[in-house]
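# Overview (structure and organization)
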Amino acid sequence: MKLPPNLISPSLLSCDFAKLAEEIERVENAGADWLHVDVMDGHFVPNMTIGPPVVEAIGKIAARPLDVHLMITDPLKYAPDYAEAGAHVLTFHYEVAGSTAGAREIVRAFRGVGVREVGVSVKPKTPVEVLAGILDDVDLVLVMSVEPGFGGQKFMPEVLSKVRWLRERGFDKHVEMDGGLNDKTLPLCAEAGTNVFVAGSAIFGAVDMAATIRGFRESAERARTAAHA
Ligand code: DX5
Ligand code: ZN
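Source: prediction; values computed, not measured. Residue indices follow the written sequence of each chain, beginning from 1 at its first position. Following the order in which they are written, the chains are lettered starting with A and the ligands numbered starting with 1. Where totals are concerned, whole chains, interfaces and linings use all residues; where local detail is concerned, this predicted model gives features only for residues with pLDDT of at least 70, and gives and counts side-chain atom pairs only at 80 or more. As a rule here, side-chain values cover all heavy atoms of the structure and leave hydrogens and water aside.

With that settled, consider the environment of Glu-117. The way it works is that DSSP assigns letters per residue, a run of H or I at least four long becomes a helix, a run of E at least two long becomes a strand, and they are numbered from the N terminus. For Glu-117, the position within the fold is in strand S5 (residues 117-122). Look at Glu-117 and you get buried, because its relative accessible area is 18%. Taking C-alpha positions, Glu-117 is 9.7 Å from Val-107, a pair spaced ten residues apart along the chain. Residues in contact with Glu-117, not counting those within four places in the same chain, are Trp-34, His-88, Val-89, Leu-90, Asp-139 and His-174. What qualifies as a polar contact is a pair of N or O atoms within 3.5 Å, subject to a donor-acceptor requirement within protein and to the restriction that residues adjacent in sequence count only when both atoms come from side chains. Looking at Glu-117, its side chain comes within polar contact range of the side chain of His-88, at 2.9 Å. We call a residue buried when its accessible area falls under 20% of the maximum for its residue type, exposed when it is over 50%, and partly exposed in between, using a 1.4 Å probe and counting protein chains only. Between two residues, a contact is recorded if the distance between any of their heavy atoms is within 4.5 Å.

Laid out in structure tokens, this is it:
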């Protein structure tokens, strides 16, 4: 099975929000493929981040596609706002949909407002099998490798089997891993079949951001080659 290209999606959650425009330019120049934007509502997760006006501002200055991760209870209500703000990928959580039918309704609504790539995400404790009925409808599955809400947490290796399950059953679109990625954990994700790598603290906390992104890219390619050798 041919997997989509490896993509590095730095999470802006770990950037210096007081210098948002400079941080976006810095991470794009350092080699980011996508910009991961974490949207939290203080309800689905115990934290609040940014809303549509800020995503719109990011969309205006970003040169790279926005990879918007909605950790919110009501994605249907806000989808048009995020679509208009320029989300290229818009990902909702399966947990708020609660069923295959509910998830299909959200996918339809996202496509209806012009979202190019629709993603669905599962929290670490949600079994990936719940997605069986929705895989044909989505462009991306985001596997959370920490409890959503905060950057800088420890990677949970038990979620790697979710990626393997997706690839084994022939899912050949994007599989994204989010939470606790660094030079040790990223190769494990790549080996399992992940192709989109989100990293916040490891990239924005790096001494040399460009070298870190380059290192991630090389180690993802190496792990992929080894896994398919
Ligand atoms: C957590 C967010 C992540 C977070 C990752 O809820 O979805 O995108 O920013 O941060 P690190 O890479 O620091 O774990
Ligand atoms: Zn995220």
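The rest of the description comes next.
The next point concerns the coordination of the zinc ion (ligand 2). Counted as donors are N, O and S atoms no farther than 2.8 Å from the metal, or 3.2 Å for Na, K and Ca; water is not among the atoms, and sites may therefore look incomplete. Within the protein, the atoms that donate to the zinc ion (ligand 2) are His-36 (NE2), Asp-38 (OD), His-69 (ND1) and Asp-178 (OD), at distances of 2.0 to 2.3 Å. Within one chain, the residues serving as donors to the zinc ion (ligand 2) are arranged as H-x1-D-x30-H-x108-D. Here His-69 is found in strand S3 (residues 66-71), whereas its partner Asp-178 is found in strand S7 (residues 174-178), with 109 residues between them in sequence. Each member of the pair His-69 and Asp-178 is classed as buried.

Moving on to the packing of aromatic side chains. Each Phe, Tyr or Trp ring, with Trp reduced to its six-membered ring, pairs with another whose centre is within 6.5 Å; inter-plane angles below 30 degrees give stacked pairs, above 60 give edge-to-face pairs, and intermediate values give tilted ones. All told, the structure shown has one aromatic pair when counted by the stated rule. When the ring of Phe-92 is compared with that of Phe-110, the centres are 5.7 Å apart and the planes differ by 85 degrees; the resulting orientation is edge-to-face. Of this pair, Phe-92 sits in strand S4 (residues 87-93) while Phe-110 sits in helix H5 (residues 100-112); the two residues are 18 residues apart in sequence, bridging distant segments of the chain. Comparing Phe-92 with Phe-110 shows no difference in burial state: the two are buried.

Note on placement: Ser-145 falls in the loop between strand S6 (140-144) and helix H6 (160-168). Residue classification places Ser-145 among the buried residues on the basis of a relative accessible area of 0%. Here Gly-179 takes part through its backbone oxygen, which lies 2.8 Å from a polar atom of the side chain of Ser-145. Ignoring sequence-local partners within four residues, the contact set of Ser-145 consists of Lys-154, Phe-155, Met-156, Val-159, Met-177, Asp-178, Gly-179 and Leu-181.

As a further point, take the site of ligand 1. Lining the immediate environment of ligand 1, one finds 20 residues, of which Gly-149, Gly-152, Asp-178, Gly-200 and Ser-201 sit closest. Within the backbone of Gly-180, a nitrogen or oxygen atom sits 2.8 Å from an oxygen atom of ligand 1. Per-residue and other accessible areas follow the Shrake-Rupley method at a 1.4 Å probe size, with only the shown protein chains counted as cover for residues. For ligand 1, whose accessible area on its own is 380 Å², the fraction buried by protein is 100%. Counting residues per element, the ones that place at least two in the shell around ligand 1 are strand S2 (35-40), S3 and strand S8 (196-199). At three residues, S2 tops the list of elements feeding residues into the shell around ligand 1. Per-class residue counts for the shell around ligand 1 are eight nonpolar, ten polar and two charged. Whether a residue is near a molecule or strand is decided by its heavy atoms; if any one of them lies within 4 Å of it, the residue is near. Each residue is assigned to one class: nonpolar for Ala, Val, Leu, Ile, Met, Phe, Trp, Tyr, Cys and Pro, charged for Asp, Glu, Lys and Arg, and polar for all the others, Gly among them.

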